[in-house]
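One letter stands for each residue in the lines below.
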Amino acid sequence: LGDVSDPRNLSLVAIFEHEIPLEFPPEALAEAERVAVAPEGKREDLRDVPLITIDGADARDFDDAVWAEADGDPANPGGWHLLVAIADVAWYVRPGGPLDRAAYERGNSVYFPDRVVPMLPEVLSNGWCSLRPHEERACMVAEMWIGAEGNLRKHRFGRALMRSAARLTYEQVQAARDGHPDDNARPLTAPVIEPLYGAYECLLKARRKRGTLE
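Anyway, here's the lowdown on the structure attached to this text. (Residues numbered from 1 in each chain as written. Predicted model: local features only at pLDDT ≥ 70, side-chain atom pairs only at ≥ 80, totals over all residues. Heavy atoms only, no water.)

As a further point, take the overall build of the chain. A count of helices and strands for the chain gives 7 helices and 9 strands. Projecting the C-alpha coordinates of the chain onto the three principal axes gives extents of approximately 60 × 45 × 40 Å. Residue burial in the chain is summarised as follows: out of 214 residues, 41% are buried. A separation of at least 24 residues holds for 66% of the contacts in the chain among residues at least 6 apart in sequence. Of the roughly 12400 Å² that the chain leaves accessible, carbon and sulfur atoms contribute 56%. The average position of the 25 basic charges and that of the 36 acidic charges among the side chains of the chain differ by 5 Å. (Helix = DSSP H or I, 4+ residues; strand = E, 2+ residues; numbered from the N terminus. Buried < 20%, exposed > 50% of the residue type's maximum accessible area, 1.4 Å probe, protein only. Contact = heavy atoms within 4.5 Å. Areas by Shrake-Rupley, 256 points an atom, 1.4 Å probe, with all protein chains shown as cover. Lys, Arg positive; Asp, Glu negative; His and termini not counted. Charge placed at Lys NZ, Arg CZ, Asp CG, Glu CD.)

The following block contains the structure:
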């Protein structure tokens, strides 16, 4: 194994000690390789909505995307219209199939300082179930309307097709907010990033009233 203090070796020790499966059954890998983009069908078409993902700089998969705009309803002055989309993993992992059985055996992905042991094969976990920029992806979407004080007025859930407008990091978004956008964030600052901050500040009012811990 090498130096026992090397974090990479500690990860291997933990993996084998807890019997975390490293290899996927051939039938699960074969099922994953057959995956293709979900058909539109009855899904809502959100491909023209500039949803963006915001993750750490070293993130390999992009699980959720966000978008906001001021609510145009005259009955909701100062309110916001929000979308939160996540990858529609259930579309690819059918009940009782090889992928489902392999995922059930693992229960969840396991993260270590130097690696991740995924619940699903990489073609899914870092591919079809990752909301990569400018690529069509099946998603589950929560649509919400909040009032000026951050209280939820109404919401709905649905299935959709989306195309992420950008993969941004926390640092890029903060820099854009501070008036120093880079080339990726600059065209999105006014139409996407600023409304997201507006919705955040609105939600923060309700958060402070609840007295939630920071």
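Structure's up, so let's keep going.
Going residue by residue along strand β9 (residues 166-169), you find A166 and L168 tucked away on one face and R167 and T169 tucked away on the opposite face as well. Here strand β2 (residues 52-55) runs beside β9; their pairing, made up of 4 bridges, is parallel. Across the sheet, residue T53 finds its bridge partner in β9, namely R167. (Pairing = 2+ DSSP bridges.)

Glancing now at the packing of aromatic side chains. Summed over the entire model, instances satisfying the criterion amount to 1 aromatic pair. Sitting over the ring of W91, R94 keeps its end group 4.3 Å from the ring centre. (Phe/Tyr/Trp six-rings, centres within 6.5 Å; stacked < 30°, edge-to-face > 60°. Lys NZ or Arg CZ within 6 Å of the ring centre and 35° of its normal.)

The subject of this paragraph is the environment of D45. Topologically, D45 is positioned in strand β1 (residues 44-46). The spatial distance from the C-alpha of D45 to the C-alpha of L12 is 43 Å, given a sequence separation of 33 residues. The contact partners of D45, leaving out residues within four places of it in the chain, are E40 and L161. Reaching out from D45, the side chain makes a polar contact with the side chain of R47 at a distance of 2.9 Å. (Polar contact = N/O pair within 3.5 Å; in protein donor to acceptor, adjacent residues only side chain to side chain.)

Here we take up the nonpolar core. In this structure, L46, L51, L83, L124 and M162 are the most contacted members of the largest nonpolar core, which totals 28 residues. Among the secondary structure elements, those contributing two or more residues to this core are α2 (26-33), β3 (64-70), β4 (80-87), α4 (98-106), β7 (136-146) and β8 (152-163). Dropping the residues within four chain positions of it, L46 is found in contact with L83, V141, A160, L161, M162 and R163. Counting residues in each nonpolar core, the second largest holds 17 residues, with A68, L82, V192 and I193 among its members. (Core = buried A, V, L, I, M, F, W, Y, C linked by side-chain atoms within 4.5 Å.)

This paragraph deals with helix α6 (residues 170-177). Three or more residues of α6 are buried, namely Q172, V173 and A176. Along the axis of α6, the buried residues cluster in a sector spanning 95°; they form a single face. Buried residues along α6 sit against β2, β9 and α7 (186-210). G179 occupies a position one or two residues after α6 and carries a positive phi of about 90°. (Arc of directions from axis to C-beta.)

Turning next to the packing of α2 against α4. Closest axis-to-axis distance for the α2/α4 pair is 8 Å, and the angle between their directions is 120°. If you check the angle between α2 and α4, you find them oblique. When the axes of α2 and α4 are compared, the crossing they make is left-handed. In contact with E27, A28, E31 and A32 of α2, α4 contributes P98, L99 and A102. For the contact of α2 with α4, the per-class residue count stands at 5 nonpolar, no polar and 2 charged. (Axes fitted to C-alpha atoms, helices over the stretch in contact; angles between N-to-C directions. Parallel < 35°, antiparallel > 145°, perpendicular 65-115°, else oblique. Left-handed = near helix turned anticlockwise from the far one by under 90°. Nonpolar A, V, L, I, M, F, W, Y, C, P; charged D, E, K, R; others polar.)

Time to look at α7. Taking 1.5 Å as the rise per residue, α7 with 25 residues should run 36 Å; its terminal C-alpha atoms sit 35 Å apart, in good agreement. V192 marks the point of greatest bend in α7, at about 40°, and the proline P195 comes within the next four residues. Considered for burial, the residues of α7 that qualify are L188, T189, V192, I193, P195, L196, Y197, G198, A199, C202, L204 and A206. In the core, the buried residues of α7 are packed alongside β2, β3, β4, β7, β9 and α6. Positioned one or two residues after α7, G211 has a phi angle of 70°, which is positive. (Expected span 1.5 Å × (residues − 1). Bend = angle between axes of the 7 residues up to and from the residue.)

Tallying each qualifying case throughout the model produces 16 salt bridges. Across the pair R43 and D88 runs a salt bridge, and its minimum N-O distance is 2.9 Å. Here the residue R43 occupies a position in the loop between α2 and β1, and D88 occupies one in the loop between β4 and α3 (89-92), the gap between them amounting to 45 residues. Here D88 falls in the buried class, since its relative accessible area comes to 1%. One salt bridge in this structure joins E201 and R177, with 2.5 Å as the shortest N-O distance. With E201 in helix α7 and R177 in helix α6, this residue pair connects regions lying 24 residues apart in the sequence. E201 sits in the partly exposed class, given a relative accessible area of 37%. (Salt bridge = Lys/Arg side-chain N within 4 Å of Asp/Glu carboxyl O.)

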